[in-house]
Amino acid sequence: MQALSMRSAAVLAGALFVCACATAPYGPQNTYSGREGALEIDREIGNSELAAHLELRDIRAERRDGRLHVQFELSSDLSATARIEWMAEWFDERGFLIDVPRHWEPVTIGPRGHHPCTIVGPSPAANAWKLSVRPRNEVK
Amino acid sequence: MNSKLLLPLLLLPLGACSSVGYGDPNAVETVNIDYGSTDLQSFAAKMVESMNTAPSLNYFEHPAKADDKRVIVYFGGIDNSTSEHIDTTSIRDSIQTALLKGGKFRFVATKQGQQEIGDQVAFQQGSGRVNPAQAKAFGKQLGADVVVYGTLRSIEKHKGRSLESGGMKTDDVYYKFTLQCDSIETAEVLWMEEKELRKTAKTGIFGG
């Protein structure tokens, strides 16, 4: 009996050991890319589960005062709250990244809810964009 | 004897791992409810986007300006009206960096920059070490058209553990960051923007 409890304790300790060392990996992300004047957007789905429940829709783009504005809506069909984050990157006409500060923006979308977003080109040279969306991956 | 081994065995995982590593500086951070890097980035991004798209800041006419009609900005201070110690110059730096890279605005040096410039001019003019033909003098600095400044405010609420809350403790903090741009000549407010953030932490009985 005592040997059994020792074995259970060892198994429990081992499991806790593994859990203690586990770190949440960066979740695979989905990227959506568009270009000024292009009707289609490119989708790169790295997280099919996220893509099945979270849609990027109603994408509109136009240039105002020399800068490209892109408006889109993140729409969730989940019955629970979706906790995601997104990040936008901008490129010039030749495809070079425009180096401006960027960050993951946390968004919480209610059950079967949607979240409207607008991104604006950081400089007049920005004419293509890439939006990455992934499950929330916080530094805790 | 075996039971004496049990406790250390169960405590072993607690000290199992400690590590140091480089992370993504752009990642969302929720280590605790206090003001953090994600808040700074969100505030800065909103203000940069708003200033970049404000029609009232597209140009600034002045008789002394040549063809370049871009608005010349003096970035003043950002008051910290929260109860936390927050280095608000970091918000200012992030906004100014992004705006400079965007190319819509021109900036003149802040107080820190003026101090450095003053020291350098004094050195060039007075040390006798600098070629007089190359020594810089005062009197040619750009005159700012506008001043940008702002305030960071917060409202904090705390609710202790109770039977009603199931032993949960709730901490809530609401931040409001306001930034505005005034014409130096006329004192007219040309642009203003605000961004709000709310952070809520719920801590269970065994939480910190």
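Residues numbered from 1 in each chain as written. Chains lettered and ligands numbered in written order. Predicted model: local features only at pLDDT ≥ 70, side-chain atom pairs only at ≥ 80, totals over all residues. Heavy atoms only, no water.

### Remarks on the overall build of chain A
- Of the regular secondary structure elements, chain A holds 2 helices and 8 strands.
- Counting the 140 residues in chain A, one finds 41% classified as buried.
- Here the contacts in chain A between residues at least 6 apart in sequence split such that 65% fall between residues at least 24 apart.
- Element-wise, carbon and sulfur atoms account for 53% of the exposed surface of chain A, whose accessible area totals about 8,100 Å². (Helix = DSSP H or I, 4+ residues; strand = E, 2+ residues; numbered from the N terminus. Buried < 20%, exposed > 50% of the residue type's maximum accessible area, 1.4 Å probe, protein only. Contact = heavy atoms within 4.5 Å. Areas by Shrake-Rupley, 256 points an atom, 1.4 Å probe, with all protein chains shown as cover.)

### Brief notes about the packing of helix H2 (residues 37-53) of chain B against helix H3 (residues 89-102) of chain B
Residues and elements named next belong to chain B.
- As a packed pair, H2 and H3 sit with axes 9 Å apart at the nearest point and diverge in direction by 40°. Classified by the angle between their axes, H2 and H3 sit oblique to one another. Crossing of H2 over H3 shows right-handed handedness. Residues Leu40, Ala44, Met47, Val48, Met51 and Asn52 of H2 touch H3, and the partners they reach there are Ser90, Ile91, Ser94, Ile95, Ala98 and Leu99.
- When the residues that make up the contact of H2 with H3 are grouped by side-chain class, the tally is 9 nonpolar, 3 polar and no charged. (Axes fitted to C-alpha atoms, helices over the stretch in contact; angles between N-to-C directions. Parallel < 35°, antiparallel > 145°, perpendicular 65-115°, else oblique. Left-handed = near helix turned anticlockwise from the far one by under 90°. Nonpolar A, V, L, I, M, F, W, Y, C, P; charged D, E, K, R; others polar.)

### Considering the confidence of the model for chain A
- On average, residues of chain A carry a pLDDT of 85, and 81% of them reach 70 or more.
- Here residues 15-25 of chain A is a poorly scored stretch, pLDDT under 50, and it has 9 contacts once near neighbours within four places are set aside; other chains count. (pLDDT = per-residue confidence, 0-100.)

### Section: H2(B)
- Compared with the 24 Å implied by 1.5 Å per residue over 17 residues, the 24 Å span of H2(B) between its first and last C-alpha is a close match.
- The secondary structure elements touched by the buried residues of H2(B) are strand E4 (67-76) and strand E6 (105-109) of chain A together with H3, strand E3 (146-159), strand E4 (169-183) and strand E5 (189-203) of chain B. (Expected span 1.5 Å × (residues − 1).)

### Regarding the pattern of salt bridges
Residue and element names in this part refer to chain B.
- The full count for this structure, using the stated rule, is 16 salt bridges over all chains.
- The closest approach of N and O atoms between Asp68 and Arg106, which form a salt bridge, is 3.7 Å. Residue Asp68 is found in the loop between H2 and strand E1 (72-81), and its partner Arg106 is found in strand E2 (residues 106-107); the two are separated by 38 residues along the sequence.
- Looking at Arg106, the relative accessible area reads 26%, which means it is partly exposed.
- Through salt bridges with shared partners, a single network forms among Asp68, Arg70 and Arg106. (Salt bridge = Lys/Arg side-chain N within 4 Å of Asp/Glu carboxyl O.)

### What about the side chain of Gln96(B)?
- Residue position: Gln96(B) is located in helix H3.
- Setting aside chain neighbours within four positions, we find Gln96(B) in contact with Phe75(B), Phe107(B) and Thr110(B).

### A closer look at the sheet that holds strand E8 (residues 128-135) of chain A
Residues and elements named next belong to chain A.
- As summarised here, the arrangement of the 5 strands in space is E2-E1-E8-E5-E6, forming an open sheet in which the pairing is antiparallel. If you trace the sheet from one side to the other, it starts and ends with strand E2 (42-45) and E6, each paired once. The average angle at which neighbouring strand axes cross in this sheet is 20°, direction not considered.
- The pairing of strand E5 (residues 82-91) with E6 spans 5 bridges and is antiparallel. Across the sheet, Glu85 pairs through a bridge with Pro106, a residue of E6. (Pairing = 2+ DSSP bridges.)

### Concerning the sheet that holds E3(B)
- If you walk across this open sheet you meet the 5 strands as E2-E1-E3-E4-E5 (chain B), and the pairing is mixed. Among the strands making up the open sheet, the edge pair consists of E2 and E5 of chain B.

### Some remarks on the nonpolar core
Residues and elements named next belong to chain B.
- Ranked by size, the top nonpolar core spans 33 residues in total, and within it Ile95, Phe177 and Leu179 carry the most contacts.
- Contributing elements (two or more residues each) for this core: H2, E1, H3, E3, E4 and E5.
- No other element matches the 6 residues that H2 contributes to this core.
- Aside from chain neighbours lying at most four places away, what touches Ile95 is Ala44, Met47, Val48, Phe75, Phe177 and Leu179. (Core = buried A, V, L, I, M, F, W, Y, C linked by side-chain atoms within 4.5 Å.)

### Re the pairing of E5(A)
Residue and element names in this part refer to chain A.
- With 9 of 10 residues buried, E5 is to be regarded as a mostly interior element.
- Pairing geometry for E5 and E8, over 8 bridges, is antiparallel. Paired with Ile84 across the strands is Pro135, a residue of E8.

### Side note on the packing of aromatic side chains
- Inspection of the entire model under this criterion finds 4 aromatic pairs over all chains.
- Ring centres of Phe72(A) and Trp86(A) lie 5.9 Å apart, and the angle between their planes is 85°; on these two criteria the pair is classed as edge-to-face. On the criterion of sequence distance, the pair formed by Phe72(A) in strand E4 and Trp86(A) in strand E5 is long-range, its members being 14 residues apart.
- Take Phe72(A): its relative accessible area is 2%, and that puts it in the buried class.
- Trp86(A) gets classed as buried once you look at its relative accessible area, which sits at 12%.
- Ring centres of Phe43(B) and Phe177(B) lie 5.3 Å apart, and the angle between their planes is 55°; this geometry places the pair in the tilted category. (Phe/Tyr/Trp six-rings, centres within 6.5 Å; stacked < 30°, edge-to-face > 60°.)

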